[in-house]
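# Tertiary structure, described
Here's the letter readout for the chains.
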Amino acid sequence: MEGSRGNVQNIELRAEMKKVREKTQKKRSNEDDEEDQFFSNKPAEKGEDDDLSDSEDSVYSGLEDSGSDSEDEEEEEKEEGSLDDDDDDDDNDGESQIAVKKNKKKEGGEIEGKEKKEDEYEHDTSDEEDIRNTVGNIPMEWYKDFPHIGYDLDGKKIYKPIRNKDELDEFLDKMENPDYWRTVHDKQTGTDVVLSDEQVELVNRLQRGQFGDLNFNEYQPSVEFFTKDVMIHPVTNRPADKRSFIPSLIEKEKVSKLVHAIKMGWIKPRRVKDDSKERYYDLWANEDSSFLAKHRMHLPAPKIPLPGHEESYNPPPEYLFTDEERALWEQQDPSDRKLQFVPKRFSNLRQVPAFPRFIHERFERCLDLYLCPRQRKMRVNVNPEDLIPKLPKPKDLQPFPTTQSLVYRGHSGLVRSISVSPSGQWLASGSDDGSVKFWEVCSSRCMKTVQVGGAVKSVAWNPNQSVCLVAVALDSVVLILSPSLADRQVISASERLLTSQQEEGPSEGSEPVVWSEVEGEELNKGVRIKIQHPKAVHQVTWHAKGDYLASVMPDHSSHLQVFIHQVSRRRSQNPFRKNKGLVQSVSFHPIRPYFFVATQRSVRIYNLVKQEMTKKLQANSKWISSIAVHPGGDHVISGSYDCRLSWFDLDLSTKPYKMLRHHKKAVRSVAYHRTYPLFASASDDGSVIVCHGTVYNDLLQNPLIVPVKVLRGHAITHDLGVLDVKFHPTQPWIFSSGADATIRLFT
């Protein structure tokens, strides 16, 4: 019963489909009649009947499928043997007549098609697959609203086949037709084409990215159109155009127009839209999320510290406060307390009360979150060793003084000044005990002592080897001594220099400096000339040639702070009308006619020939104590009472090239070695620091300054350490005098 019911339903469904098809056929035939009436307005020519017959064939050529479907339905209905016999008979008669007509037309159409195909391809050399439709390579959608699909070779219309398949027929065809998968719809002719095996294989090969031709060899040897051998005759030997060597004026004009448009603001670069402004996100969301991970400066939320044993409801006894700890905790400021609560013990969890600081703790947690710093300070991981300059090892910079060799004892007061003879054989020292002593360097034996009757502030040996003279400063007098420690020729030359006649100039009232000769006992001691100054003299220094002598009298209230004396003519002069600051120390340039004057904060360099200031060096220190000039003359060092030693490169800048802060107390004296690349500084901390200072002839290379040795030995007396330091003129030795009344030689 169930099977018969299904058959009945199937028959009803097919009957409904038949009615729908008839309606669509009637509708299409009405449209075709309208079109024929439209085109029949033109005058008919001979032979048009034949064309109409062809077009009729094309109109009904799409009914083959429908005819076959009706025959199948007839057979099924006969087998079912069933309902509505009268209607079915009428339908069957009509369909059989249509099928007969179709078969006839189909046979005629096949014959004509064969003849056409033979005629069409007989002399065809085109590579086109199908040229029955001559509209060319155009979108076929243009013919969507027309009854025809194009024109054949004779210019006649190719009418669209009647495609009356609905989706149900399409589905049935897909299920039943074994060649459905290789059927392709040709848009140019409007027909379905079944692909052959060769065509399917070609499509598969093209889809795999292979060559369409099976016999094509992709690795065959290439034809060398241009050989690698150089031929005698060139392919073309036309000389190059002039325009290939000249910049294009047209391009230049285009570029200038673009530049002008950019300057005027007519052309603007594309602006990249910033999406970050419109994007909001949870700052403290999951830290491992991809968006927050992209943030370069993302800061994770500060974590809550985990609870410890003291927060337990039953903490161990060592975590509970004693009475003393409780009292101390209550006295402390809340910010200083290690714990913000007092640990308590409960026998069980039921007895634990509500946490009294809960709201306060939550509020502090919120503060931690929103007051967390939003900027991450990138810590620079620097290796401390990289910050230390790469300096040579001290053992590679030898020789320099390293050990204490001799101690010269004999003074009873502070030894404020020492000086070495130009030959290096003798040493002169002046002390607060009122004596000047002359020592033999090698044996530390005191050869001569001269009592001068006052505290000696400074001694200076004449650097000229042809004379043997020593200048001594005490109180307001400068004494010229002849120690008579050289051979007879040198002593006689010294006497001749001192006894040369004084130049008689016009007397201008009272001179500030008075030269006088010495008689009696002082003459026997070796004192030759006494130069009386208006104020106390603190320093004396010689010019390199040995005829000029400079003396310093620091005083704010007077312009008479510096005097330059000429020994041969017994003449003195004040080079400055007024002094800018309190003069601390002076020095002559070893080669050029320059004069260095150190005030409290700066060092001024004067040209004695032009009588003008050439340079002012800013020491960046509070109070300069002493200066020394390099034997080459292009570098100056200055020591100061604020523990600094400044190295100036005169060719580089007026500010210190290098500042050394190796001493812990005031720097009293500085000195250069005359021949070795060494310089030293003496300080009140009782040490002498020897440094290696190489000066290069290449102006582009900076001096190499390396501290090599700290020499200790002097005892600090009355907060005073080493007061003066001098190098040996020929050996890498150094002499130092201190407040402990000793002189020490380091070799």
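Now for a look at the structure at hand. Here the residue index of a chain counts from 1 through its sequence in written order. Owing to the predicted nature of the model, reporting of local features is limited to residues with pLDDT of at least 70; listing and counting of side-chain atom pairs is limited to 80 or more, with chain, interface and lining totals taken over all residues. Each side-chain value is worked out from all heavy atoms of the structure, with water and hydrogens disregarded.

### Let's talk about helix 12 (residues 488–499)
Keep this limit in mind: Numbering goes from the N terminus for both helices and strands, where a helix is a DSSP run of H or I of at least four residues and a strand is a run of E of at least two. What a helix is expected to span follows from its residue count: subtract one and scale by 1.5 Å. Only protein chains enter the accessibility calculation, which uses a 1.4 Å probe; a residue is then buried when its area is under 20% of its type maximum, exposed when over 50%, and partly exposed in between. In this description, the arc belongs to the directions extending from the helix axis to the C-beta atoms. Contacts between residues were defined by any pair of non-hydrogen atoms, one from each residue, lying within 4.5 Å.
Over its 12 residues, helix 12 extends 16 Å from the first C-alpha to the last, a length consistent with the 16 Å expected when each residue adds 1.5 Å. Buried within helix 12 are the following residues: Val-490, Ala-493, Ser-494, Leu-497 and Leu-498. One side of helix 12 holds all its buried residues, which, seen down the axis, span an arc of 135°. Exposed and oriented more than 90 degrees from the buried face of helix 12 are Arg-488, Gln-489, Arg-496 and Thr-499. Contact partners of the buried residues in helix 12: strand 12 (477–481) and strand 14 (527–532).

### Side note on the side chain of His-692
Just so we agree on the cut-off: Two N or O atoms count as a polar contact when they lie within 3.5 Å, although within protein this holds only if one can serve as hydrogen donor and the other as acceptor, and sequence-adjacent residues are included solely when both atoms are side-chain atoms.
Inspection of the secondary structure puts His-692 in strand 29 (residues 687–694). Within the structure, His-692 has its side chain in polar contact with the side chain of Thr-694 (distance 2.5 Å). Residues within four places of His-692 in sequence aside, it is in contact with Leu-397, Pro-677, Leu-678, Phe-679, Leu-704, Ile-705, Val-706 and Val-708.

### Re the sheet that holds strand 22 (residues 612–618)
Test applied: Pairing between strands is defined by DSSP: at least two bridges between them are needed. To obtain an axis, a line is fitted to C-alpha atoms, over the contacting stretch when the element is a helix, and the angle between two such axes runs from 0 to 180 degrees between their N-to-C directions.
Overall, antiparallel pairing links the four strands, which are arranged 19-20-21-22 in an open sheet. A strand with exactly one partner marks an edge of an open sheet, and here the two such strands are strand 19 (585–588) and strand 22. Strand-to-strand twist of the sheet, defined as the mean angle between neighbouring strand axes without regard to direction, takes the value 20°.

### Considerations on the pairing of strand 28 (residues 678–683)
Burial of strand 28 is extensive: six of the six residues sit out of reach of the surface. Neither face of strand 28 is exposed, since Leu-678, Ala-680 and Ala-682 on one face and Phe-679, Ser-681 and Ser-683 on the opposite face are all buried. When strand 27 (residues 667–672) meets strand 28, the two strands line up antiparallel, connected through five bridges. Residue pairing across strands places Ala-671 opposite Ala-680, the latter belonging to strand 28. If you look at the hairpin formed by strand 27 and strand 28, you'll find five residues sitting between the two strands. Bridge analysis of strand 28 against strand 29 gives five bridges, and the strand direction is antiparallel.

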